Amino acid sequence: MEDPGGRAPAPTSGAQGPPLPERARTLIGSERFRSCAPSGLRPRVTAPASALDCGCHRKVVTQPSCRHSRNLSAMGAAGSAALNLLRVPASRLPAHPRPTWLGVAVAGLAAVALGTVIWRRARPRRRRRLQQVGTVAQLWIYPIKSCKGVAVSKAECTALGLRSGHLRDRFWLVIDKTGNMVTARQEPRLVLMSLTCEGDALTLSAAYMKDLSLPIKMPTTNSLFKCRVHGLEIEGRDCGEAAAQWVTGFLKTQPYRLVQFEPHMRPRKSHQIKNVFRPMDQIAYADASPLLVLSEASLADLNSRLEKKVKATNFRPNILISGCGVYAEDLWSELLIGDVELKKVMACTRCVLTTVDPDTGIMSRKEPLDTLKSYRLCDPSEQKLYGKSPLFGQYFVLENPGTIKVGDPAYLLGH
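Since this is a predicted model, take the numbers as computed values, not measurements.

*Asks:* I'm lost on the sheet that holds strand S12 (residues 224-229) in this one. Help?
*Replies:* Taken together, four strands build an open sheet; the order of strands is S8-S14-S13-S12 and the sheet is antiparallel. Lying at the two open borders of the sheet, with one neighbouring strand each, are strand S8 (172-175) and S12. Strand after strand, the sheet turns through a mean of 50° between neighbouring axes, direction not considered.

*Asks:* Please clarify how the packing of aromatic side chains should be interpreted in this entry.
*Replies:* What the rule picks out here adds up to eight aromatic pairs. Relative to Tyr 285, the ring of Phe 261 has its centre 5.9 Å away and its plane inclined at 85°; by these criteria the two rings are edge-to-face. Of this pair, Phe 261 sits in the loop between strand S14 (257-260) and strand S15 (268-269) while Tyr 285 sits in the loop between strand S16 (282-283) and strand S17 (291-295), and the two are 24 residues apart along the sequence. Summarising the burial analysis for this pair, Phe 261 and Tyr 285 share the class buried. The interplanar angle of 50° and the centroid separation of 6.5 Å between the aromatic rings of Phe 277 and Tyr 395 together place this pair among those described as tilted. With Phe 277 in the loop between S15 and S16 and Tyr 395 in strand S21 (residues 391-400), this residue pair connects regions lying 118 residues apart in the sequence. The rings of Phe 315, Tyr 327, Tyr 375 and Phe 392 are connected pair by pair, giving a single aromatic cluster. Over the ring of Tyr 375 we find Arg 305; its NZ or CZ atom is 3.7 Å from the centre of that ring. Residue placement shows Arg 376 over the ring face of Tyr 327; its charged tip is 4.2 Å from the ring centre.

*Asks:* Could you clarify how one ought to interpret the layout of surface pockets in this entry?
*Replies:* To find leftover empty space, a probe the size of one water molecule is rolled over the atoms. One number sums up the size of the largest pocket: a volume of about 550 Å³. Around the largest pocket sit 29 residues that line it, and Arg 185, Asp 287, Cys 348, Thr 349 and Tyr 395 are the ones nearest its centre. Among the elements of the structure, S17 and strand S20 (340-349) are those that each provide at least two residues to the lining of the largest pocket. Taken together, the residues that form the lining of the largest pocket break down as twelve nonpolar, nine polar and eight charged.

*Asks:* When you look at the pattern of salt bridges in this model, what are you seeing that I'm missing?
*Replies:* Where side chains of opposite charge bring their charged atoms close, a pairing between them can arise. Within the structure shown, the criterion is met by 13 salt bridges. Between Asp 169 and Arg 170 there is a salt bridge, with the nearest N and O atoms lying 2.9 Å from each other. Side by side, Asp 169 and Arg 170 carry an identical accessibility label, which is buried. Salt-bridge contacts for Asp 408 lead to Lys 405; the nearest nitrogen and oxygen are separated by 3.9 Å. We classify Asp 408 as buried; its relative accessible area is 10%. Taken together, the shared-partner salt bridges in this structure form one network comprising Lys 145, Arg 185 and Asp 287.

*Asks:* Is there a simple way to think about the side chain of Ser 194 in this case?
*Replies:* With respect to the helices and strands, Ser 194 occurs in strand S9 (residues 194-198). Residue classification places Ser 194 among the buried positions, given a relative accessible area of 10%. Reaching out from Ser 194, the side chain makes a polar contact with the side chain of Ser 205 at a distance of 2.8 Å. With sequence-adjacent residues up to four places away left out, Ser 194 is seen in contact with Lys 148, Thr 203, Leu 204 and Ser 205.

Calculation criteria
Residues numbered from 1 in each chain as written. Predicted model: local features only at pLDDT ≥ 70, side-chain atom pairs only at ≥ 80, totals over all residues. Heavy atoms only, no water. Pairing = 2+ DSSP bridges. Helix = DSSP H or I, 4+ residues; strand = E, 2+ residues; numbered from the N terminus. Axes fitted to C-alpha atoms, helices over the stretch in contact; angles between N-to-C directions. Phe/Tyr/Trp six-rings, centres within 6.5 Å; stacked < 30°, edge-to-face > 60°. Buried < 20%, exposed > 50% of the residue type's maximum accessible area, 1.4 Å probe, protein only. Lys NZ or Arg CZ within 6 Å of the ring centre and 35° of its normal. 1 Å grid on protein atoms, 1.4 Å probe; cavity = no way out; pocket = protein on both sides within 12 Å on 5 of 7 lines; lining within 4 Å. Points joined across faces, edges and corners; volume = space filled by probe spheres on them. Nonpolar A, V, L, I, M, F, W, Y, C, P; charged D, E, K, R; others polar. Salt bridge = Lys/Arg side-chain N within 4 Å of Asp/Glu carboxyl O. Polar contact = N/O pair within 3.5 Å; in protein donor to acceptor, adjacent residues only side chain to side chain. Contact = heavy atoms within 4.5 Å.

Encoded structure:
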């Protein structure tokens, strides 16, 4: 029986079955559904202009065209998976003979559309071509800026540098009474001081000095200092009077204090030092970059030109790579080590600090800097960036965090 408007009575709820899940109804009515469904599967609605408002005489064509039959076959399994994902069992769909066949068609189209999306996302992506360029030979963390490094077998690679347990790279700093940084450029014997960690305690040590134990986290009652590192302000938590007396007693020149960078403090921006860095690149007390990479082959080439050999620690790299060509690191744009991705930013300029013997703390002010100047200057077109300083090693920043281990292969990402 028809109603006065000429339309058939609506099917009863028993004929329709339980309603579709909200997620399916949302997808069916969305632009994403209409754009994802193949054109041959989209409903073609035809009606006289006068009938559009009342919905009369509409005809929905759901048969796929021949050219889309392959799409149906290819995505059939994906559509079934989509129905399962939507938790719509076949028993809940309307029966074909009943007037609710339109709901079946729409639900099927929704399944195909969602299945297409799932299939596209689940497709295995083509892996970038990887070329092994070397192997991690050594990993170094320098807890106190300009002080002795700590060799580790593995380290967590973070945006602010390497981390091993409670030791962080350049998270401690020696300052003078005005808050200015003190490095081995001014106090060469700093390279003989070391900060190590065992359990929940830090140990400050140096030759002919009694070890000093420090807490991992300084008391919040300790003073906060405004420090300056290469002209940029950064905070530091005072490590206490005992640490200040220890450092001052070892250097024997003027009063110094030791401060610690804490995670909640605001780091320095690398691009404020060199504008080739990204605005997101940050550091604590390092010169400019969180990571320095050097190759054994480059070090060997330099030593072949010197009368007195130098060590990698003269240049204080974080990651030393073996098994590559001489100065191969100059050509690496992106590296993959373990699950860590690194991006090269610029070469590292070298200064008088490289002439400090890491074993004696004596500064020669000559080698290896003079030899580097004879063959490792930048191209004249890059003098605005590098000046007249020689280049040795490369600065990298973090693209994807993870863990690096000694012995890990280093891959060049892309070409």
